Every structure is written in structure tokens, then in C-alpha cells.
Amino acid sequence: MGNPADRWLLDPLRELGRIPLSAVGGLGRMGIFLGRTLFYTFAPPLKFFRVLKQIQFIGFGSMLVIVLTGAFTGMVLGFQGFYTLSRVGSTAFLGSMVALSLLRELGPVMAALMVTGRAGSAVTAELGIMRITEQIDELEILGLSPYRYLVVPNLLAALISVPLLTAIFDVVGILGGYLIGGKLLGVTSGTYFGAMTDYMDMSDVLNGLYKSICFGGLIAWVCCYKGFYAGYGAEGVSKATTQAVVLSSVLILICDYFLTSVLF
Amino acid sequence: MIAIENLHKSFDGVEVLKGASLEVRDGEVVALIGPSGEGKSVLLKHVAGLMRPDSGRIVFNGKDLWNLQRADLVALRNRFGFLFQNGALFDSMTVYDNVAFPLREKTRLNEKDVRERVLSELEQVGLTGADDKYPAQLSGGMAKRAALARALVRSPEIMLFDEPTTGLDPIIVHSIHALIADTHKRLGFSGIVVSHAIPAVFSFVQKVAVLYGGVIRFVGTPQEIFKTDDTIVRDFIRGSLPTDAFRFGEPVPAEANVQERQEGTV
């Protein structure tokens, strides 16, 4: 190794090899983390009050941001949809267009992105701080599983909260679309809401629900993993939080593409 | 009995432990001393099962820690107490809830008995009246004592102290040492104390071990360490070890713990 030729030749190769190895290692660790989380999800006892507390934090705490983004997304859809449809004389389809866009695509994706930004980042930061201050190690020392106490409640809370928040996002969005299309641009309520029932079926609602459940699990998995294995000090936690938000958001959009391909 | 056998551990190619071996008999408290960055905390975390050795064994009463079934490991951990360097108090809980936490989670005591035990333990560590405070509202010494109360509340058989007095003033150092000595007399635990408080720590331990260059270089009684012929050990405890000599073992990189976590613990 002391040979300069070896150093010039092997060191760059070694560094190059480190990149895919690190990526594969990271994926493996995430897989093991998910496996352990699922094990403790089904192995009693369940920390019921911690689940409720996290539902309050992830679900109820995100309501305002969901209502606001849902309303304005629906209003923008109302405007854009009305002007696009008016070009082909089909403004009667505004209701179904707004509802289908929200239920199938925008509702699950936007709600998941909002939950990632508001609650996912907070979960990563909280777990990261618990990690660097050895609170997670303390749980291990007490013979208690950090997965059962810290990760499982977040997973279950996200699986329950994100679909409910998505439903709220959808409803508020549809009403936002009606506010613009109906009250401002003159589409009657009968036309707006009637078109929805004519051109939509239950599978649109259910597929949006399936998507939001997947996104909920994804957010909890990524954000908990990043916090659980946060680096050292304030910089480590801030880096973990950024990575959690970016990775969750990207994975939500990638996952959305594949789910759309499969479900619709 | 706790036996640390030929422990090796590296982080990013830097070998921190190079075959460290140590025995702690039942009821015995050992002071683990040595220059900063030698891996004393790393060694302690191996004993607690928070880090996995590259090679070597941690043996409790003849059983290898890393060969235990999950249930046996939990049973062993139930006999453990660990005082972390910064206390590791749960910052979302009050001092009372922190101390009550192990009792609520690991015993079937009713709330009245839990309250009795917690208040008694807080009294022992001199924190009466601080039970409704949050960790952020405590001074360093109070936080250490609260963490000590939590570690001792289940009357552990094995206690591990990671620098219990670092960063505290001499009066608090003395009171914490007295507290450890009292609780040792009361509970009779076996333990390891990682400390830089030399020679104060010698006042209540039965044995002293010096970690140097990745190995346990000296083991003996507090009296014997002052008479040793080993110049490195003698100079270290007299505080005259030249700074260059500290380089014998490379300092533990800050990322060591992070890497370890990603490998997974017990």
C-alpha cells in the first residue's frame, strides 16, 4: 500500500467502488430497519397512547396546512380547468375534472408532501436529537425496543393520518374548485357536482386511498430511518432532516408514478 | 462476573481496541482510566451491548453477550444500569417521569408504589423538590444526579458509569462519588466507572484498570497503581505523561458511534 503506483491506481478505484457500495449498504440498512419496524408492529404490546399522541401530532397538527393547500389547489384547478374547458365548450365537465385530478393524483401527492414537510421533518429531528443525546441508547439499556417506542407509533400514526388528511384535502379542494367555478365563473352547483357522480366511480376514490396509505408508510419509514441513524451534533441532525424531506418527497413522486401505472 | 476477553474494535481502519481484556468480579467496582480518546467509552458501550466487537467476547457469568437469545439479553439488561456521560434523560419528560419510566415499563408496581420508590430515590440523590422540572431546567450536576436516580431505581446488579463527574465542579464531583459509594454499599452492584477524576475516583473503587494503546495496560488496587514500575502508568496518574505519548493509540473518530449504529446493536 505504500507503493506510490498502487496509491495512484488503487485509491481512485477504491473511492469509485465506495459509492455503489455505500448506496447498496444504505438500501440494505433501510430494508433491515423496515423489517424490524414491521416485526415490532405485529409483536405485542402496542404502545397505544404513543400511537394516539403521534396521530394527534402528524394528523391533527397537519390539518391547517392541509386545509389551506387543499383549498388553494382546488381553486387553481377551478380557474385553469374552466379556461381550458371553455375553449372546447365543455365547462360542464369542470366538477369531474377537478374531482378526478384531486382524488386520483393531486390529493394523495400534495397531502403527502405537506405531511413530509410539516411532520416528517419534525419526526426526523426529534429522533435525531434523541440519538445524539443517547436517549435511544438509554432505551436499549433499559431493555426496551426503540422500534416499539419510537418508530412503530410513527408508522401507524402516518398510516392512519395520511389517508384521512388526503380525504380532507380532496373535499376542501373540490369545494375550492366550486368556489371559483360555481360562485365566480358561473357553473351551476348541479352541473359541477352532477358531473362528478356521472364520470367517477368508487375505484377512483379507493385508488387514491391506496396511494395515500403507501405514501404514509413511506414518509414514516424514511423520516424515522434518517432520524434513527442521524450523524453527530447539530449538523448531523440538520443533514438528516434535509435528507429525510428530500428523499421522502422524491420517493413519493417516483412511487406515485408506479402506483398510477399499476392502479389506473 | 463480567469478563472482557481480547476485545478488538476498529473505526474506519483505525484500531481503537487492540485486544483489551478485563475481569470484574461480583460486587467489585473497577475504575477504568486512561488518556482521552483511548476508547474507554467505546469499551464500556461494548460491555453494555451497544457496540459489537470486531473480535473478542463480553462474557457475563460464562455466557457470551453476543450469543444470547433476545429474551436472555432483555433479562440481562434488566439487571443493568448505565449512567451516560450527558445523563441521556428523556427531555420530553419531567425528572419524576424519567425516574419512574423504568418502573412503569419494566415492573408491575402500581402508581402509588412507583411514586414512593421515585421520591425515595430522588431524596437519595438530593433532588427532593426537583421532580416536576424538565431536564432542560436542570444544572449539569442535577442532571447527572437525576440520571443516576433513574439508573439506580431498579436496584441494578451491574452498573456502568461513563464519566459521571466530567465537567462538574469539585464539590459536585465529591458528592457524586459519595453517592456512588453509598449506593454501592446499599445495593452491592458490580460496576465499571470510566473517569478522569484521578485520584478522587480511587476512593471508592476496589480495582483500577488503565486503558492505554488499545489494551488494558495495568490492573491493580488503588494502592498498587501508585507503586507500579510501569512508567507510562505512573506518569499518567501523576499527570506528567507527555502529550506525544497520547498518540500511542489514535483518537476515536467522532463518526465512530454513527458508523456503529448503522451496523446495528444487539
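Description of the structure in this document. (Residues numbered from 1 in each chain as written. Chains lettered and ligands numbered in written order. Predicted model: local features only at pLDDT ≥ 70, side-chain atom pairs only at ≥ 80, totals over all residues. Heavy atoms only, no water.)

## What to know about the side chain of Ser161 of chain A
Inference 1: The topology assignment puts Ser161 of chain A in helix H6 (residues 146-184).
Inference 2: In this view, Ser161 of chain A contacts Ile55, Ile58 and Gly59 of chain A; residues no more than four positions away in its chain are not counted. (Helix = DSSP H or I, 4+ residues; strand = E, 2+ residues; numbered from the N terminus. Contact = heavy atoms within 4.5 Å.)

## Description of the interface of chain B and chain A
Interface size is commonly expressed as the accessible area that is lost once the parts come together.
Inference 1: Taken together, the contact between chain B and chain A spans 29 residues of the former and 24 residues of the latter.
Inference 2: Summed over both partners, the interface of chain B with chain A comes to about 2400 Å²; 52% of that surface belongs to carbon and sulfur atoms.
Inference 3: Put simply, Lys47 of chain A and Glu105 of chain B hold a salt bridge, and the shortest N to O gap is 3.1 Å.
Inference 4: Linking chain B with chain A are seven residue pairs in polar contact (both at pLDDT 80 or more), by the criterion used here.
Inference 5: The set of elements that each furnish at least two residues to the side of chain B that touches chain A consists of helix H2 (70-77), strand S6 (80-83), helix H3 (95-106) and helix H9 (256-263) of chain B. (Buried area = accessible area lost by both parts, 1.4 Å probe. Salt bridge = Lys/Arg side-chain N within 4 Å of Asp/Glu carboxyl O. Polar contact = N/O pair within 3.5 Å; in protein donor to acceptor, adjacent residues only side chain to side chain.)

## Describing unusual backbone geometry
Inference 1: Across the junction of Pro44 of chain A and Pro45 of chain A, the peptide omega takes the value 0 degrees, indicating a cis bond.
Inference 2: The residue Pro45 of chain A is located in the loop between helix H1 (4-42) and helix H2 (48-59) in this model.
Inference 3: With an omega dihedral of 5 degrees, the bond running from Ile198 of chain B to Pro199 of chain B counts as a cis peptide bond.
Inference 4: By the element assignment, Pro199 of chain B lies in the loop between strand S8 (190-194) and strand S9 (207-212).
Inference 5: For Glu134 of chain A, which is not glycine, the phi torsion reads 65 degrees and is therefore positive.

## So, the pairing of strand S4 (residues 55-60) of chain B
Residues and elements named next belong to chain B.
Inference 1: In the sheet, strand S1 (residues 2-11) pairs with S4 via five bridges, with the strands oriented antiparallel. Its bridge partner lying in S4, Ala3 is registered against Val59.
Inference 2: One ladder, built from two bridges, connects S4 with strand S5 (residues 63-64); its direction is antiparallel. Paired with Phe60 across the two strands is Lys63, which belongs to S5.
Inference 3: The hairpin turn running from S4 into S5, its antiparallel successor, is two residues long, and Asn61 in that turn takes a positive phi close to 45 degrees. (Pairing = 2+ DSSP bridges.)

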